Each structure stands twice: as C-alpha cells, then as structure tokens.
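So you can see what is in the structure, the chains are spelled out below.
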Amino acid sequence: MPDSHREINVDKAETEAFAARARWENPDWDIIQPTRTPAPTLPLDCFGAWQSTIVKLALSASAPPDYVAFGFLTHAAGLIGNLIKVRPSPKRSPNWVSPTALWTALVGPPSSGKTPALQPFKTIIGEIEQNFEDEYRPKIRERESVAEVAKIKERVWRQETRNAIKKGETPDERPKDSIPPPKINVPIVRVMDITIEKLADVLNENPNGVLVYREELYGFFINMGRYSNGNDQPMWLELHDGGTVIVDRKNREERLKITNALVSILGGIQPDRLDEVVGGADDGLFARFIYVAPDIPLLNDTEIDIDYGSLKYALKELRMAPKQAENETDEFNYLFDFSDDAADEFFEFRKRIRTLAGAREGLMAGWVGKAPGLVARLTTVLFLLDWVLMHPGQRYPKHLPLEYARRAIRLWEEYLLPMTERAFAGHLLPKHYRAARRILLEAKESGTSVINEREFKRKLKSEGLFENHKKGECPFLLLRDAGWLLDEFSRQGGSKGRRKKDWRVNPLLFGPIGANDAIGADSHNSE
C-alpha cells in the first residue's frame with residue numbers, strides 16, 4: 001500500500017477521533033431538552049370577578065397564575081359534578097347534554113409551584129368535607145340507635161316465627177320496625193390514589209361525583225392497568241362524560257352498575273414524564289385533559305392580602321347547587337341551555353374546530369376535536385363562579401349568556417391551544433428523537449454508564465418508540481453523533497459471533513450540568 005494512501009487513512013482516523021472527543025466534551029443538549037414554544041399569556045379577564053383573587057393567590061404561593069386559575073376551575077367543576085349540566089346547542093343538538101367535570105394536568109418541573117398553587121382550594125375542600133361530617137354525625141347516631149332496636153325486634157320476630165311454625169300456625173308478617181333503616185353515608189368530595197373498583201363504590205354512594213386528586217399524574221397514567229390488565233381505561237373515559245360504569249370482578253359477589261358516574265381529575269406531571277407516557281396513537285385519554293405548562297415566576301417576598309371568605313363562600317355554594325324550579329329534571333338538579341346568541345357563536349366555533357382538527361394529526365387532532373365539549377364545560381364553570389359571587393342566594397337564570405361562551409372560546413383559542421402545543425413539544429418530535437431522549441432519561445435515572453442497544457430496543461419497541469428505521473433515523477446513532485454515546489462493541493471471548501452492542505454514556509449526563517440543565521428542567525426557572 002502506498003505511503004500516501006496510508007497517511008490519508010491515518011489522517012482520517014485522527015480527524016474522526018478528534019471530532020468524537022470534541023462532541024464528547026460538548027454534547028448537544030438540544031437532544032435532551034426540546035425547544036418548546038413560548039408560554040402564552042393567561043387572559044385573566046376571562047375569569048371575570050375572580051381575576052384579582054387569582055393573581056393574589058399566585059403571588060402568595062410564588063406560583064404561576066395559570067396553575068391557580070385552572071386549579072380553581074377544576075376544584076369548582078369537581079364540586080358541581082352532576083348537580084348541574086349544560087346543553088350548548090339546545091336547538092341544533094337537543095340531546096347533547098354535558099356534565100360539569102374537568103380533567104387538568106399541571107405540567108412543570110419539581111418546585112415549580114404546583115402544590116402551593118392548589119393548597120388554598122384543598123384547604124377549603126377539607127372544610128367542606130368536615131362540614132358534611134358534622135352535619136351527618138347526629139343523623140348517623142340516630143340511625144344506629146334505630147337500627148339496634150330493629151335488630152332486637154327482628155330476633156323476637158324470628159323466634160315467634162319459629163314457634164308458630166312448630167305449632168303449625170301461620171307466622172305473622174315481619175314488622176316494619178324490625179327492618180334496619182338504610183345506611184347513611186357522609187358525602188365525599190375528593191379521593192386520592194384509588195382503584196377503579198374502589199372508586200365505583202365511592203360513586204355508588206356519591207351520585208354527584210367526586211374530584212380525583214393526584215400529586216403525580218405520572219403514576220395515574222402508568223398504573224392505569226395495574227389491577228386489570230389495562231381494562232380500566234375505557235371505564236375512566238366513561239367517568240369523564242358521566243356515563244355508565246359496570247364493575248364485575250371476581251372478588252365482588254354481584255355486579256355493580258353506576259349511571260351518571262362522573263369524576264374531575266387534577267394533578268401535576270413533569271414535562272419529560274408527560275412525553276414518556278403520551279403514546280403515539282390517540283386513545284382518547286390524553287385528549288380529554290387540559291394541559292397547563294407556564295413559565296415559572298420569581299419568588300415573591302411581599303405580603304399579599306387575600307379575601308379567603310369570598311373564595312370559601314363561592315366553592316361551598318357550588319357544592320350545594322340549590323334546585324331551581326323552572327329547570328329541574330329527574331336525573332340531576334339543574335340544566336342550563338346556551339342562549340340563542342351563545343349557541344350561534346358556539347356553532348361557529350364548532351365549524352372552526354372541524355377545520356382545525358382536520359389539519360392536525362395523531363394526538364393533537366384528537367385533543368382539538370374535543371374542544372367543543374371542553375368549551376361547554378368551561379362556559380358553565382366560569383358563569384357559576386361569577387354568579388355565586390355577584391348574585392349570592394339568587395336563582396340561576398335559565399340560559400347561559402353569550403359573554404361566558406365567548407370567554408370560554410377565547411380561553412381555548414388564545415391560551416389552551418398554544419399551551420397544549422407547548423406541553424406536547426417533546427411528543428411532537430420525530431419518533432427517533434423521542435426514543436433518544438427516552439434512552440438518556442432511563443440511563444440518567446438508573447445511573448448506568450454503559451447501556452446495551454439490544455436491551456433498549458426491546459423496551460423501546462414495547463413503548464412504540466422504535467421501528468426498523470433507516471440508518472439516519474436510528475436513536476443510538478443520533479446520540480452518538482450528538483456526543484452522548486460512544487460505541488464499545490465487542491465479541492465475548494474474542495469469538496467471531498455477533499458483537500455485543502454496548503454504548504458508553506457521556507458522564508456529563510450525571511454531572512452538575514446534566515443534573516440541573518438537562519432532563520426535566522425544560523425552559524423554566526425553577527425555585
């Protein structure tokens with residue numbers, strides 16, 4: 001071989017080695033941290049009489065007003081539940097009746113203010129539950145006393161019945177006062193981590209519905225099929241729409257059927273956890289959530305004066321939801337119709353949504369398609385929150401005004417749509433990019449400095465993140481070229497068999513930079 005050819009090969013190898021070292025020392029952080037669109041500004045005027053309270057609560061908690069606002073709306077929806085429903089198109093679609101429930105995911109890294117933003121509402125919910133316990137305690141004691149007397153009379157009747165049968169006489173009918181009265185259940189407003197079977201028991205005793213609160217929604221998504229091999233998900237979809245849930249498990253003696261089963265859901269999730277659990281196909285679950293992923297504000301060090309009295313009054317009043325004679329129904333307490341002009345505006349919005357959804361794909365198409373139902377629910381909650389504050393004790397009107405339909409539509413178009421695109425930024429990346437980020441996330445969490453390609457391919461295939469890509473779309477080659485992986489391929493024992501495809505992980509992933517600025521940090525300024 002000519003020396004010149006050998007020199008060219010040496011130079012090429014040295015150049016590639018130098019380039020690899022350069023990438024290793026300065027990897028591409030954009031692979032880990034996707035570029036997210038700027039957070040839209042929350043249109044606070046959509047919240048009417050509550051916009052000042054929302055701002056003050058956010059400052060007090062050093063949290064984004066976005067978390068406070070949608071935490072407020074979701075708590076309100078959870079309290080209303082089946083007490084009030086809405087018919088957004090009474091003339092065009094008279095059979096379309098929507099319950100009042102919201103599913104909300106607060107998206108953000110740890111210490112972003114999700115928990116402090118919700119604390120005032122959780123405290124008020126606790127007071128509402130305590131009020132129910134205080135109200136029902138005397139009734140329960142009275143019922144227990146009557147039940148004890150009934151048991152004694154039942155024993156006497158049974159003995160008299162046996163004696164009569166022995167004598168050949170016709171026994172007397174069972175006295176009515178020997179039958180224990182029905183059990184009295186204290187109303188439940190919220191539940192935490194709960195299986196679908198236990199939730200069915202709760203809903204059976206609470207026909208108005210409940211609020212399901214999850215500190216971390218990641219566990220909710222991952223454990224969806226923990227007890228039922230994935231069969232719980234269709235039931236959860238029914239719970240969003242107030243449908244019928246039937247629980248027929250081996251450990252239950254009889255089938256339990258709940259109609260108008262309704263829950264609201266509220267919880268937090270980290271951005272990369274959301275990217276991880278969101279699948280490629282739209283199964284309807286993720287399309288039903290509101291996603292709130294704001295920028296995180298600086299800490300506030302000033303004292304804030306907040307009118308908690310009005311907040312408590314409004315939420316407690318929503319739970320009572322007094323019946324109104326002209327709109328009472330047999331199935332629930334109250335039915336709102338959109339006014340004629342509100343229904344017309346809503347119909348025009350539905351036409352825009354039909355076009356918008358047709359231009360989207362996958363999960364975003366499904367999420368956009370759910371917009372009309374979400375806007376109908378938001379209209380109801382926004383109106384009721386204003387009404388109970390500005391018209392205390394007054395009867396509800398028959399129709400929801402145009403103003404509130406416009407507020408809800410604007411909130412969706414100007415805020416929720418761009419916010420959801422921001423929250424789904426990682427999911428909307430090409431599949432091999434998402435697979436590459438998934439590889440680094442697991443390596444970082446496990447502290448593994450060497451990973452095996454074949455083992456990871458099996459995991460990624462099970463999550464729908466790996467296919468037989470062409471070479472330019474391989475997640476491992478992407479990570480190699482980005483300076484995150486170096487191949488350490490080898491054959492065991494020096495054999496001529498298939499090489500063991502091991503990759504060494506760049507130690508920067510585990511160092512101070514990787515810990516602080518990479519996975520999960522997003523573009524937020526966390527505390």
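My aim in this report is to walk through the structure given alongside it, one point at a time. (Residues numbered from 1 in each chain as written. Predicted model: local features only at pLDDT ≥ 70, side-chain atom pairs only at ≥ 80, totals over all residues. Heavy atoms only, no water.)

**Notes on the overall build of the protein chain**
Then, number 1: Regarding its fold elements, the protein chain presents 17 helices and 14 strands.
Then, number 2: Evaluated residue by residue, the protein chain yields a buried proportion of 48% over its 527 residues.
Then, number 3: Of all intrachain contacts in the protein chain linking residues separated by at least 6 positions in sequence, the fraction that spans at least 24 positions is 77%. (Helix = DSSP H or I, 4+ residues; strand = E, 2+ residues; numbered from the N terminus. Buried < 20%, exposed > 50% of the residue type's maximum accessible area, 1.4 Å probe, protein only. Contact = heavy atoms within 4.5 Å.)

**Points about the environment of Ala-436**
Then, number 1: One can find Ala-436 in helix α14 (residues 431–446).
Then, number 2: Sequence separation between Ala-436 and Leu-479 is 43 residues; the distance between their C-alpha atoms is 6.5 Å.
Then, number 3: With near-sequence residues (within four places) excluded, Ala-436 lies in contact with Ile-31, Pro-475, Leu-478 and Leu-479.

**A word on the sheet that holds strand β1 (residues 81–87)**
Then, number 1: Spatially, the 4 strands line up as an open sheet ordered β2-β1-β10-β11, and their pairing is mixed. Because the sheet does not close on itself, it has two edges, and the strands there are β2 (98–100) and β11 (399–400).
Then, number 2: In the sheet, β1 pairs with strand β10 (residues 334–338) via 4 bridges, with the strands oriented parallel. In the strand pairing of β10, Arg-87 is matched with Asp-337. (Pairing = 2+ DSSP bridges.)

**Observations concerning helix α11 (residues 362–369)**
Then, number 1: Of all 8 residues making up α11, 6 are buried, and the element is well covered by its neighbours.
Then, number 2: Close packing links the buried residues of α11 with β9 (290–292), α10 (340–358), α12 (371–390) and α13 (402–423).

**Here's the deal with the packing of α11 against α13**
Angle between the axes and distance between the axes: these two values describe a pair of packed helices.
Then, number 1: One way to put it is that α11 packs onto α13 with a least axis distance of 11 Å and a crossing angle of 155°. Judged by the inter-axis angle, α11 sits roughly antiparallel to α13. For the element pair α11 and α13, the recorded crossing hand is right-handed. Side by side, α11 and α13 meet where Met-364, Trp-367 and Val-368 of the first sit next to Trp-412, Leu-416, Leu-417, Thr-420 and Glu-421 of the second.
Then, number 2: Across the contact of α11 with α13, the residue classes tally to 6 nonpolar, 1 polar and 1 charged. (Axes fitted to C-alpha atoms, helices over the stretch in contact; angles between N-to-C directions. Parallel < 35°, antiparallel > 145°, perpendicular 65-115°, else oblique. Left-handed = near helix turned anticlockwise from the far one by under 90°. Nonpolar A, V, L, I, M, F, W, Y, C, P; charged D, E, K, R; others polar.)

**So, the side chain of Arg-214**
Then, number 1: By the element assignment, Arg-214 lies in strand β5 (residues 210–216).
Then, number 2: What Arg-214 contacts, discounting residues up to four positions off in sequence, is Met-192, Asp-193, Gly-219, Phe-220, Leu-266, Gly-267 and Gly-268.

**What to know about the pattern of salt bridges**
Then, number 1: Applying the stated rule across the entire model yields 26 salt bridges.
Then, number 2: Glu-135 is paired through a salt bridge with Lys-139; the nearest N and O atoms lie 3.6 Å apart. Note that Glu-135 and Lys-139 are positioned in helix α4 (residues 114–166) at a spacing of 4 residues, about one turn of the helix.
Then, number 3: In this structure Glu-135 comes out as partly exposed when scored by relative accessible area, which is 41%. (Salt bridge = Lys/Arg side-chain N within 4 Å of Asp/Glu carboxyl O.)

**Concerning the sheet that holds strand β8 (residues 263–269)**
Then, number 1: With parallel pairing, the 5 strands of this open sheet are ordered in space as β4-β5-β8-β3-β9. The open sheet has two edge strands with one neighbour each: β4 (190–191) and β9.

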